[in-house]
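Topology and contacts: notes
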Amino acid sequence: MVENSGRTLVCSVLFIDIVEYSKQSVAEQLQFKQAFNRVLGGALEAVAPRDRVLLDTGDGAAVAFLGDPEDALFVALAIRDAHLPVRMGINLGPVRLVKDLNGQVNIIGDGINVAQRVMSFSEPGQLLVSRSFYEVASRLSNDYAELFTHEGSRTDKHVREHEVYSVTVDSRADRRIATESRRQTQGNADRQSPADALLTTPGVNENIANLPAHVFDAGANLIISGYSRSSVQDALNKLADSGARVISPITQVSNKWMATCEHPNVPVSACKVETLGHRRIVTGPTREAVSAKVEELVQFGAILVRDIQSANGVWIAICETDGPVR
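Within every chain, residues take consecutive numbers counted from 1 along the sequence as written. At least 70 in pLDDT is required for a residue's local features to be given in this predicted model, at least 80 for side-chain atom pairs to be given and counted, and no such filter applies to totals for whole chains, interfaces and linings, which use all residues. The side-chain quantities take in all heavy atoms of the structure and omit both hydrogens and water.

1. Some remarks on the packing of helix α1 (residues 26-43) against helix α2 (residues 70-81)
Note on method: axes are straight lines fitted to C-alpha atoms, helices fitted across the in-contact stretch only, with angles between N-to-C directions ranging 0 to 180 degrees. Each helix is a run of H or I in the DSSP string that is no shorter than four residues. Each strand is a run of E no shorter than two, and both are numbered from the N terminus. Interhelical geometry of α1 versus α2 gives an angle of 140° and a closest axis separation of 9 Å. Between α1 and α2, the angle falls in the class oblique. For the element pair α1 and α2, the recorded crossing hand is right-handed. Residue-level inspection shows Val39, Leu40 and Ala43 of α1 in contact with α2, the latter providing Val75, Ala78 and Ile79. Side-chain classes are defined by residue name, with Ala, Val, Leu, Ile, Met, Phe, Trp, Tyr, Cys and Pro counting as nonpolar, Asp, Glu, Lys and Arg as charged, and the others, Gly among them, as polar. Here the contact of α1 with α2 is built from residues that sort into six nonpolar, no polar and no charged. Note on terminology: angles under 35 degrees are roughly parallel, angles over 145 are roughly antiparallel, angles of 65 to 115 are roughly perpendicular, and the others are oblique. Working rule for handedness: look at the near helix, and if it is turned counterclockwise from the far one by less than a right angle, call the crossing left-handed; if clockwise, right-handed. Only heavy atoms matter for contacts: two residues are in contact if any of them lie within 4.5 Å across the pair.

2. Some points on α2
Here α2 spans 17 Å end to end across twelve residues, near enough to the 16 Å set by a 1.5 Å rise per residue. For every residue, the accessible area (1.4 Å probe, protein chains only) is compared with the maximum for its type, and the residue is labelled buried under 20%, exposed over 50%, or partly exposed between those bounds. Most of α2 is tucked away, with twelve of its twelve residues classed as buried. Within the span of α2, buried status applies to Glu70, Asp71, Ala72, Leu73, Phe74, Val75, Ala76, Leu77, Ala78, Ile79, Arg80 and Asp81. Following α2 by one or two positions, His83 adopts a phi angle in the positive range, close to 55°. Residue count minus one, scaled by 1.5 Å, sets the expected span of a helix.

3. Considering α1
The end-to-end C-alpha distance of α1 is 25 Å, a good match for the 26 Å that 18 residues give at a rise of 1.5 Å each. Three or more residues of α1 are buried, namely Gln29, Lys33, Ala35, Phe36, Leu40 and Ala43. With its buried residues spanning 165° around the axis, α1 presents them on a single face. Structural note: α1 exposes Ala27, Leu30, Gln31 and Arg38 on the side pointing more than 90 degrees away from its buried face. Packed against the buried residues of α1 are β1 (8-18), β2 (52-56), β3 (60-65), α2 and β4 (86-99). Here the arc refers to the directions that run from the helix axis out to each C-beta atom.

4. Notes on the packing of aromatic side chains
Think of it this way: a Phe, Tyr or Trp ring, Trp meaning its six-membered ring, pairs with another when their centres are within 6.5 Å, and the plane angle makes it stacked under 30 degrees, edge-to-face over 60, tilted otherwise. If you walk through the whole model with that rule in mind, you get two aromatic pairs. Judged by centre distance (5.5 Å) and plane angle (85°), the rings of Tyr134 and Phe148 are edge-to-face. Taken together, the residues Tyr134 in helix α4 (residues 131-137) and Phe148 in strand β7 (residues 148-155) connect sequence positions 14 residues apart. According to the relative accessible area criterion, Phe148 is buried, its value standing at 9%. Consider the rings of Tyr134 and Tyr165, whose centres lie 4.0 Å apart with planes at 10°: the pair is stacked. On the criterion of sequence distance, the pair formed by Tyr134 in helix α4 and Tyr165 in strand β8 (residues 161-167) is long-range, its members being 31 residues apart.

5. With respect to the pattern of salt bridges
One speaks of a salt bridge when a side-chain nitrogen belonging to Lys or Arg is within 4 Å of a carboxyl oxygen belonging to Asp or Glu. Within this structure, the stated rule accounts for eight salt bridges. A salt bridge links Glu135 to Arg131, with the shortest nitrogen-to-oxygen separation between them at 3.3 Å. Of this pair, Glu135 and Arg131 both sit in helix α4, four residues apart, roughly one helical turn. Exposure remark for Glu135: the relative accessible area of 9% places this residue in the buried category. Judged by its relative accessible area of 15%, Arg131 is buried. Residue Glu296 is joined to Lys293 by a salt bridge in which the shortest nitrogen-to-oxygen separation is 3.2 Å. Placement of both Glu296 and Lys293 in helix α10 (residues 287-299) is noted, with a separation of three residues, approximately one turn of the helix.

6. Notes on the confidence of the model for the protein chain
It should be kept in mind that the predicted coordinates are not to be read in detail where pLDDT is low. In the predicted model, the protein chain carries a mean pLDDT of 79, and the fraction of residues at 70 or more is 80%. One number per residue, pLDDT, summarises how confident the predictor is, and it ranges from 0 to 100. Confidence drops under a pLDDT of 50 for residues 187-205, and excluding neighbours within four residues, the segment shows 27 contacts in the predicted structure.

7. Looking at the nonpolar core
We define the nonpolar core as a collection of buried residues of types Ala, Val, Leu, Ile, Met, Phe, Trp, Tyr and Cys that are connected through side-chain atoms lying within 4.5 Å of one another. Of all hydrophobic cores here, the largest spans 40 residues; its most connected members are Leu14, Val75, Ile79, Phe133 and Phe148. Listing elements by their share of this core, those giving two or more residues are β1, α1, β3, α2, β4, β6 (127-130), α4 and β8. For this core, the element with the highest residue contribution is α2, accounting for eight residues. In contact with Phe133, not counting residues within four places along its chain, are Ser12, Pro69, Ala72, Leu73, Ile90, Asn91, Leu92 and Phe148. By size, the runner-up hydrophobic cluster in this structure holds 24 residues, among which are Ile250, Ala259, Ala289 and Cys319.

This is the structure we're talking about:
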C-alpha cells in the first residue's frame, strides 16, 4: 500500500456516517464511537490490511478498498447487520493515495468525494451505491445484480446529479445471497468470479476478450471497463482523439481492466439525429454533446422520453415530438 502512494487508482470507497452524532453528549458520542469501531473492525477482518485504506472521519469512517470491488459491499452489509444508527454510501472511482502530515497514507479524489455524497442521500440504516459501483458489482454475478434497486437520480449541493441504487432486501437474506454467490464464484483459494471462469473456458476466452470495453459516465469523469487490457486501451484511444485526458491509467480490478478519463471536448455538431415517426434518436460520442443536442431539440418542442444512456461507447437519447422539429 505504501508503494502505491502518489498513484491514482480506481477502487471502491465506502463512506459511513453515524446518524446525529454531533447532537449527542460527549459520553454518548464516546459510547457510539466505541461500538462503531468494534463493528467496523470486525467487518474489516476479512480484508487484508494491504488491500484497504481506513480513514477516521470523526463521526464515521471512509474505507478505500484496493482489491476486489465487492469487498466494500460485504463490509457494508456486515455493518448494517449490526443495526447501528448509520447511513452508508459506496462509490467506484479514482482516488489518489497520499501521505498526510503524520506520514500516514490518506486518500483524496473524486472517488471518495462521490462516496460521501451518495452516503448523504441515504436514510438512517440505508445503504446506497453509485451507478459506477453498480455497473461493476452487478456484472460479477447474477446474484449480486438481484441485490440492487434503482432509486433514481439525486442532485448534490454542487448541482451534480448522481444515479443511486439501494440494497433493499432483508439484510440477513441479502448477506446470505451475496456470501453464497461469493463462495460459488470465487472458490476458497483462487476466488474466481463467473467472468474469470468464462474466460478460462476453452473456445470462449478469445470471444470474451474481444468484446468492446464499456464506457459509462461517473459524473465528473468517464470510467472505461473491459475484459481485456486491449479493449480498454482502444476505448481510451478513441476518447483521446476527442480531447479526453487520462486520469488514472489502465489497471486490473478483480476480473476486469479499468481506466478513468475526463469527458472529451466534442462539439454538438458531432451528434447525429435520426427520425422515426415522431421520435428523434440522438447519438453522439459524449454525454455532454448529446445532452446539448437534446436541449436544442427541447427548445423546439421536443420531449425527452428516454434518458441519455451509453451503449458500446456511443451515447443515445430519444426525444418525441408532436410534429416536425426544425
